[in-house]
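What follows is each chain in one-letter form.
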Amino acid sequence: HIMDHVGFIDNPRRRITGYNEILKFYINYLDKKKKPLKRVDWHFHPISFSKKANICATSYWNSAEIINQILTRRLIDFNFFPIVNRAGFHTVRPDSNIWLEMWMPFDSSNQSLIKDDNYENYNDSKFGLLGDWRGAKNNWELYNPSFLDWRKKGEMKRTISKCLNLKTRFRNISEKEIHSAFQTAEKNNRSVYLGVTNHDFRNMRYEIEEFYKILLKVSKQYKIPFLFSDSIDAFNDCLCYKNEKEKNKLKIGYKWVEKNVLEINILNGKIWGPQPFIAIKTNDNKYITDNFDFGEIGSQKYFYTFNESTVLRSNLAEVKVASNDKYGNQSIIKIES
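Residues numbered from 1 in each chain as written. Predicted model: local features only at pLDDT ≥ 70, side-chain atom pairs only at ≥ 80, totals over all residues. Heavy atoms only, no water.

Let's talk about the side chain of histidine 45
So, step 1. You can see histidine 45 is positioned in the loop between helix H1 (21-32) and helix H2 (64-78).
So, step 2. For histidine 45, a relative accessible area of 12% puts it in the buried group.
So, step 3. Polar side-chain contacts of histidine 45 include one of 3.2 Å to the side chain of histidine 43.
So, step 4. Dropping the residues within four chain positions of it, histidine 45 is found in contact with Met3, Gly88 and Phe89. (Helix = DSSP H or I, 4+ residues; strand = E, 2+ residues; numbered from the N terminus. Buried < 20%, exposed > 50% of the residue type's maximum accessible area, 1.4 Å probe, protein only. Polar contact = N/O pair within 3.5 Å; in protein donor to acceptor, adjacent residues only side chain to side chain. Contact = heavy atoms within 4.5 Å.)

Let's talk about the nonpolar core
So, step 1. Within the largest apolar cluster, 22 residues are counted, with the highest numbers of intra-cluster contacts made by Trp42, Phe44, Ile67, Leu71, Phe81, Trp99 and Phe277.
So, step 2. If you list the elements that add at least two residues to this core, you get H2, helix H3 (94-103) and strand S7 (277-282).
So, step 3. Beyond its immediate chain neighbours, meaning those up to four positions away, tryptophan 42 contacts His1, Tyr60, Ile67, Ile70, Leu71, Pro82, Val84, Asn85, Arg86, Trp99, Leu100 and Met104. (Core = buried A, V, L, I, M, F, W, Y, C linked by side-chain atoms within 4.5 Å.)

What about the sheet that holds strand S6 (residues 261-268)?
So, step 1. With antiparallel pairing, the four strands of this open sheet are ordered in space as S5-S6-S10-S9. In the strand order of this sheet, the two ends are held by strand S5 (251-257) and strand S9 (293-294), each with one partner.
So, step 2. Examined bridge by bridge, S5 and S6 share seven bridges and lie antiparallel to one another. By the bridge assignment, isoleucine 252 is partnered in S6 with isoleucine 266. (Pairing = 2+ DSSP bridges.)

Re the pairing of strand S2 (residues 106-110)
Consecutive side chains of a regular strand alternate in pointing toward one face of the sheet and then the other.
So, step 1. S2 sits mainly inside the fold: five of its five residues count as buried.
So, step 2. Relative to S2, strand S1 (residues 84-85) runs parallel, the two being bridged by two bridges. Bridge assignment links asparagine 85 to a residue of S2, and that residue is aspartate 107.
So, step 3. Taken together, S1, H3 and S2 form a β-α-β motif whose crossover is right-handed.
So, step 4. Pairing between S2 and strand S3 (residues 159-165): three bridges, direction parallel. Residue asparagine 110 lies in a different strand from S3, and its bridge partner there is lysine 162. (Right-handed = clockwise from strand over helix to strand, strands pointing away.)

Let's talk about the packing of helix H4 (residues 175-188) against helix H5 (residues 205-219)
So, step 1. It is the contact of H4 with H5, at a shortest axis distance of 10 Å, that shows an interaxial angle of 45°. Classed by the angle they form, the pair H4 and H5 counts as oblique. For the element pair H4 and H5, the recorded crossing hand is right-handed. Contacts between H4 and H5 involve Glu175, Ile178, His179 and Phe182 from the former and Phe211, Ile214, Leu215, Lys217, Val218 and Ser219 from the latter.
So, step 2. Its residues assigned to classes, the contact of H4 with H5 comprises six nonpolar, two polar and two charged. (Axes fitted to C-alpha atoms, helices over the stretch in contact; angles between N-to-C directions. Parallel < 35°, antiparallel > 145°, perpendicular 65-115°, else oblique. Left-handed = near helix turned anticlockwise from the far one by under 90°. Nonpolar A, V, L, I, M, F, W, Y, C, P; charged D, E, K, R; others polar.)

As for H4
So, step 1. In this model, H4 (14 residues) spans 20 Å end to end at C-alpha, consistent with the 20 Å of a helix rising 1.5 Å per residue.
So, step 2. Among all positions in H4, only Glu177, Ile178, His179, Ser180, Ala181, Phe182, Thr184 and Ala185 are buried.
So, step 3. Buried residues along H4 sit in contact with S3 and H5.
So, step 4. Of the residues one or two after H4, asparagine 189 is the one with positive phi, at around 55°. (Expected span 1.5 Å × (residues − 1).)

Let's talk about the packing of aromatic side chains
So, step 1. Overall, the coordinates contain 20 aromatic pairs when judged by the stated rule.
So, step 2. Between the aromatic rings of phenylalanine 25 and tyrosine 29, the centroid separation amounts to 6.3 Å while the plane-to-plane angle is 15°, which identifies the pairing as stacked. Of this pair, phenylalanine 25 and tyrosine 29 both sit in helix H1, four residues apart, which is roughly one turn of the helix.
So, step 3. With relative accessibility at 46%, the residue phenylalanine 25 sits in the partly exposed group.
So, step 4. Look at tyrosine 29 and you get partly exposed, because its relative accessible area is 40%.
So, step 5. Considering the side-chain rings of tryptophan 42 and tryptophan 99, the 5.4 Å spacing of their centres and the 35° angle between planes classify their relative orientation as tilted. (Phe/Tyr/Trp six-rings, centres within 6.5 Å; stacked < 30°, edge-to-face > 60°.)

So, the sheet that holds strand S11 (residues 316-324)
So, step 1. Taken together, the four strands give an open sheet; going across it, the order is S8-S7-S11-S12, and neighbouring strands pair in antiparallel fashion. If you trace the sheet from one side to the other, it starts and ends with strand S8 (287-288) and strand S12 (330-335), each paired once.
So, step 2. In the sheet, S7 pairs with S8 via two bridges, with the strands oriented antiparallel. Residue pairing for S8: lysine 281 is matched across the bridge by tyrosine 287.
So, step 3. Lying over the sheet, H2 contacts S7, S8, S11 and S12, oriented at roughly 75° with respect to S7.

A short note on unusual backbone geometry
So, step 1. Backbone geometry at cysteine 240 places phi at a positive 60°, although glycine is not the residue there.
So, step 2. The topology assignment puts cysteine 240 in the loop between helix H6 (231-238) and helix H7 (242-245).
So, step 3. Phi is positive for glutamine 300, which is not a glycine, with a value near 55°.
So, step 4. Relative to the elements of secondary structure, glutamine 300 occurs in the loop between S9 and strand S10 (301-305).

In structure tokens:
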């Protein structure tokens with residue numbers, strides 16, 4: 001989960017700033033080890049009114065232009081589009097709840113606890129200010145959120161998992177929480193997603209090794225195996241999607257109609273959300289995205305017209321279209337203009 005530090009006018013902690021700068025660091029780091037960076041998932045810190053890089057905020061709508069820039073630049077320049085969310089500041093609100101439903105089937109953001117710890121003692125987290133997960137599922141079961149409240153089980157499609165911190169001020173993984181995960185697996189006789197998270201601005205070795213020791217200790221009390229997993233594989237395993245994933249693998253295609261109208265077709269599978277994501281780079285180096293026009297109901301066709309009201313086809317430098325499906329399969333295509 002890689003974020004971009006952009007949109008700030010004050011950076012007191014001297015964080016790396018600029019679109020894709022942190023991503024480029026990891027590409028270069030892994031290249032030296034002769035390992036590819038296979039996927040980059042979503043982590044975003046909304047921009048505060050002060051525009052200070054170390055100040056928390058919650059509004060996706062106030063940060064919409066920056067979000068679109070991150071997505072379009074990452075897709076055009078590096079061919080990455082996110083599948084899994086982990087909420088910045090562990091915070092979901094009604095606007096991000098709706099936005100995530102457009103693009104990402106999986107969301108590792110729930111930080112509900114068996115018993116609330118001391119996070120209400122801090123001024124920056126009182127009354128749900130920072131990552132409010134009070135009342136959400138706390139037994140490590142997955143759930144689909146409600147449209148009106150992301151903490152409640154409801155009618156939305158994306159799947160939320162629980163993911164706790166390692167050695168921070170609050171909402172940390174503990175022996176009691178790990179017991180709860182094993183007990184839920186034992187009770188339901190199915191796989192459980194036990195998630196932990198940390199940040200790479202510090203050396204994480206100590207925290208990870210300490211967590212692993214506790215995990216080993218607890219696991220010996222249960223006849224349940226555990227494994228370390230990619231997040232998408234873990235979601236598929238817990239949702240019993242494994243047998244369906246390959247059979248329904250997503251594939252999208254395109255063709256030009258009437259010279260300036262792009263038609264997107266779903267050739268196999270079914271897309272996540274209402275429409276694919278389009279990323280456009282113009283000859284004057286602008287990155288933009290927009291809505292598609294929809295075909296007939298049930299047709300799985302989407303159209304985009306390049307003209308004076310949008311972008312002239314003659315001004316296109318590059319166009320890519322991306323979409324995910326409910327299994328975490330992904331299809332990205334480059335449009336020949």
